[in-house]
Amino acid sequence: MSCKLFNLCQYETNKLVRIKSVRLGSLKWTLNAVILMFICIMLLWNKNYQEFDLVVSSVTTKVKGVAQTRLPGEADAVWDVVDYSGPSQEKNSFFVVTNVIVTKNQKQGKCPEVPPYGRVCQTDKDCEKGDWNQHSHGIQTGACVRYDVRRKTCEVSAWCPIETKRKPPRPALLAAAENFTVLIKNNIRFPAFNFILRNILPEMNGSYLHDCQRRSDPLCPIFRLGDIVKEARESFSQMAIEGGVIGIQIKWDCNLDRLMRRCLPKYSFRRLDEKESNRTLYPGLNFRFAKYNTENGAEVRTLYKAFGIRFDVMVFGKAGRFSFIQLIIYVGSTLSYYALTTILIDWLIGTSCYSVEARQNYSERKVESVQDKQQCILSVSFVDEDHIRLVKRSQKKSLQHVKTMSVRKRKEDTGHLRAMVGVLQQGLSTDRQPKASASPSPSPNSSPSPNSSPRPNSSPRPNSSPRPNSSPRPRPSPPAWCMCSSCGSSSHPQEELCCRKSSGPCITSSPLFEQLVLCRPLLETALLYRDPLSQPAKEGQTSALRHCAYEQYISWRFGVAPPDSHPAIPSCCVWRIRREYSSPDGQYRGFRPARMSAGQASSNAQL
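Residues numbered from 1 in each chain as written. Predicted model: local features only at pLDDT ≥ 70, side-chain atom pairs only at ≥ 80, totals over all residues. Heavy atoms only, no water.

A few points about unusual backbone geometry
No. 1: The amide bond that connects Cys160 to the next residue, Pro161, takes the cis arrangement and shows omega of 0°.
No. 2: Take Pro161: it is sitting in the loop between strand S7 (152–160) and strand S8 (181–190).
No. 3: Despite not being glycine, Asn105 has its phi angle at roughly 55°, a positive value.
No. 4: Structurally, the position occupied by Asn105 is in strand S5 (residues 93–112).
No. 5: The class for Asn105 is partly exposed, based on a relative accessible area of 43%.
No. 6: The phi dihedral of Arg233 is positive, around 65°, even though this residue is not glycine.
No. 7: Take Arg233: it is sitting in the loop between helix H4 (225–231) and helix H5 (236–242). (Helix = DSSP H or I, 4+ residues; strand = E, 2+ residues; numbered from the N terminus. Buried < 20%, exposed > 50% of the residue type's maximum accessible area, 1.4 Å probe, protein only.)

Now the structure itself:
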């Protein structure tokens, strides 16, 4: 099976247009240099030449400090790490008690529920035995007892006396926790690179950890709690009253390249909870715990509602190492940025920075328009206009009056012009009259009389041959769309085209029309150029001469015809050429559009 069937043996590439301009060339290289600089900066800034791996870590903490405080109704008491660290430690976090509400000597028994958690009652019928809810301190016994001198509440079985709702003391009872210190031990690992490290660096010994301070050494792993809260832009004394949550962020940004190896932690702090009491329903952070003892054989406890600050340690980070594959991927992805240069320069050319002629010339060379096969575009050239009109063929409307799609500047076919001048200078019958003419044509060297009408207007109607020794038929009136009074009627709208857009003399009356279009030796020379071994056309074989005359007219009036369009020859010129080189049987094919390419339009230029 042929490889052409699958287009396997073909190669396609883009067509380039090179504009020789110092201004555009300088702009192109300037933009390319800016893009290259941007690519290099981003390559180094984001380390896009490296492959990365995320950190895997574990955190342990150790809090140290001693505080002395006086609780209401008690003597001074010393709180150590066991007291203020809470009953348990959470993962990657630690808690420090800063304030407390104490309810002493609670025993199992029966007592009135505390409002607003207890139901206010009048009689025992208002209390349901065994009832409770999520806000109750115990289970109802079914009795209604006096809570104070004005209110009665349902009696409950609970730890009595029940804790009352009170606001935390101000200032905080354990505000001295501000001077406590915490040692954070963070072990990290990057599995992709098999790299292990911790924030206590190898050069840090015991004496270093004993004396280091974060104020002078940002890598010191021992932190004062007051400094942590201060760097989070909070006040420790205010935060200690109701408590809160502080985040300790450890960021590892490691470069594992041999020449630039660096892997050190960076600490930052911020508050994580809502600090405004009037903007949240339950501000701060608190929990309860109890201390139990036995008195006279009965279990007694002291209930503590502890307020404090929880410190959450969060570890982020990544490590990068040079990777040739990542470098190639980055370079390949950034090559598309150079398309911005083309887009910007094309936009500048399309603006008013350049003339209309320059923009049109660039557009025609850069963009090759291909029309739809079902859409026939005709090019029309009027003798009283210096441009070419592009119109759509219509089956209903005369081609003379079809709306113009666009206007193109006429491009002279200089090669064809030089060839015609060279042939005419050889003396090939510049004053020769056509043999098939019904009446003699004026000599190129003589000008017609102003009062004499052009010969095409006095010639017989197309397809009618003159009879000898008989007077010619009267010429019928021209169609309504004819502006030169020399066109013949047609039943096809695409053939209804005059050589002029406004009223005036016909182009067939020009002596140059006789010399460039109708001159038989010139046409025979053109045919012989195309086929050097062909025989000269005989008197009865006029089809080739007629078609060659059509092509001569197109090259003369259209020059280089617009690509993907069909040159339309005016009706007056068609009938004049048919009278000169008529068909023996009087039959003609009529208008059959043939698409003209730039190469075909300039083929006559080689003559």
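With respect to the state of the cysteines
No. 1: The tally for this structure, following the rule as stated, stands at five disulfides.
No. 2: Put simply, Cys111 and Cys160 are joined by a disulfide, and their sulfur atoms are 2.1 Å apart. In this structure the cystine formed by Cys111 and Cys160 twists about its S-S bond by roughly -80°; its chirality is therefore left-handed. A residue pair is termed long-range when its members are at least 10 positions apart, and Cys111 in strand S5 and Cys160 in strand S7 qualify at 49 residues. We note that Cys111, like Cys160, is buried.
No. 3: Paired through a disulfide, Cys254 and Cys263 show a sulfur-sulfur distance of 1.9 Å. One quick way to see it: the torsion about the S-S bond of Cys254 and Cys263 is about 50°, and its sign makes the bridge right-handed. (Disulfide = S-S within 2.5 Å.)

A short note on helix H13 (residues 543–558)
No. 1: Taking 1.5 Å per residue as the helical rise, H13 with its 16 residues ought to reach 22 Å, and the 22 Å between its terminal C-alpha atoms agrees with that figure.
No. 2: A large share of H13 lies buried, amounting to 12 of its 16 residues.
No. 3: Within two residues after H13, Gly559 carries a phi angle of roughly 65°, on the positive side. (Expected span 1.5 Å × (residues − 1).)

With respect to the pairing of strand S6 (residues 139–146)
No. 1: Note: S6 against S7, five bridges, orientation antiparallel. Along S7, the bridge assignment pairs Cys144 with Cys154. (Pairing = 2+ DSSP bridges.)

Concerning the packing of helix H1 (residues 22–45) against helix H7 (residues 339–350)
Helix-helix packing is characterised by the crossing angle of the two axes and by the distance between the axes.
No. 1: For the pair H1 and H7, the least separation of the axes is 9 Å and the interaxial angle reads 145°. Crossing angle aside, the handedness with which H1 passes H7 is right-handed. On H7, the residues touching Leu24, Leu27, Lys28, Leu31, Asn32 and Ile35 of H1 are Leu340, Thr341, Leu344, Ile345, Leu348 and Ile349.
No. 2: Residue classes in the contact of H1 with H7 are distributed as nine nonpolar, two polar and one charged. (Axes fitted to C-alpha atoms, helices over the stretch in contact; angles between N-to-C directions. Left-handed = near helix turned anticlockwise from the far one by under 90°. Contact = heavy atoms within 4.5 Å. Nonpolar A, V, L, I, M, F, W, Y, C, P; charged D, E, K, R; others polar.)

A few points about the pattern of salt bridges
No. 1: All told, the structure shown has 15 salt bridges when counted by the stated rule.
No. 2: The partner of Arg215 in a salt bridge is Asp227, with the nearest N and O atoms 3.6 Å apart. One end of the pair, Arg215, is in the loop between helix H3 (206–211) and strand S10 (222–224); the other, Asp227, is in helix H4, with 12 residues separating them in the sequence.
No. 3: Judged by its relative accessible area of 17%, Asp227 is buried.
No. 4: Across the pair Glu385 and Arg389 runs a salt bridge whose closest N-O atoms are separated by 2.7 Å.
No. 5: Among the residues examined, Glu385 registers a relative accessible area of 17% and is labelled buried.
No. 6: Overall, the relative accessible area of 17% leaves Arg389 in the buried class. (Salt bridge = Lys/Arg side-chain N within 4 Å of Asp/Glu carboxyl O.)

Quick word on the sheet that holds strand S17 (residues 404–409)
No. 1: Pairing in this open sheet of four strands is mixed, and the strands run S17-S16-S15-S18 from one edge to the other. Looking at the sheet topology across the chains shown, the edges are occupied by S17 and strand S18 (566–567).
No. 2: Of the pairings in the sheet, the one linking strand S15 (residues 377–381) to strand S16 (residues 387–392) comprises five bridges and is antiparallel in character. Of the residues in S16, the one forming a bridge with Leu378 is Val391.

Digging into the packing of aromatic side chains
No. 1: All told, the structure shown has 14 aromatic pairs when counted by the stated rule.
No. 2: Measuring from ring centre to ring centre gives 6.3 Å for Phe513 and Tyr553, while their planes differ by 65°; the resulting arrangement is edge-to-face. One end of the pair, Phe513, is in helix H11 (residues 511–518); the other, Tyr553, is in helix H13, and 40 residues separate them in sequence. Note on accessibility: Phe513 and Tyr553 belong to one class, buried.
No. 3: Members of the aromatic cluster, each reached through a chain of ring pairs, are Trp79, Phe95, Phe287, Phe289 and Tyr304.
No. 4: Cation over ring: Lys318 sits above Phe52, and NZ or CZ is 4.6 Å from the ring centre.
No. 5: It is Arg557 that lies over the ring of Trp556; its NZ or CZ is 5.8 Å from the centre. (Phe/Tyr/Trp six-rings, centres within 6.5 Å; stacked < 30°, edge-to-face > 60°. Lys NZ or Arg CZ within 6 Å of the ring centre and 35° of its normal.)

Some details on the nonpolar core
No. 1: Residues Val96, Phe190, Leu225, Ile228 and Phe311 are the most contacted members of the largest nonpolar core, which totals 50 residues.
No. 2: When residues of this core are assigned to their parent elements, the largest contribution, seven residues, is made by strand S14 (residues 298–322).
No. 3: Contacts of Val96, omitting those with residues within four sequence positions, involve Val63, Tyr84, Ala177, Phe180, Leu225, Phe307, Gly308, Ile309 and Phe311.
No. 4: Membership of the second largest hydrophobic core comes to 31 residues, among which are Leu516, Leu545, Ala549 and Tyr553. (Core = buried A, V, L, I, M, F, W, Y, C linked by side-chain atoms within 4.5 Å.)

Re the environment of Phe558
No. 1: Note on placement: Phe558 falls in helix H13.
No. 2: With a relative accessible area of 0%, Phe558 lands in the buried category.
No. 3: In this structure Phe558 touches Ser379, Val380, Ser381, Ile388, Arg410, Lys411, Tyr553, Pro567 and Ala568, once residues within four positions along its chain are discounted.

Looking at the confidence of the model for the protein chain
No. 1: Per-residue confidence for the protein chain gives a mean pLDDT of 81, with 83% of residues at or over 70.
No. 2: Note that residues 428–472 has pLDDT below 50 and, in this model, 60 contacts with residues that lie over four places away or in other chains. (pLDDT = per-residue confidence, 0-100.)

Digging into the pairing of strand S9 (residues 195–198)
No. 1: Side chains Phe195 and Leu197 project from S9 onto a buried face, and the interleaved Ile196 and Arg198 project onto a face without burial.
No. 2: One ladder, built from four bridges, connects S8 with S9; its direction is antiparallel. Bridge pairing in S9 places Arg189 opposite Ile196.
No. 3: Hairpin connection of S8 to S9: four residues between the antiparallel strands, including Asn194 at a positive phi of 55°.

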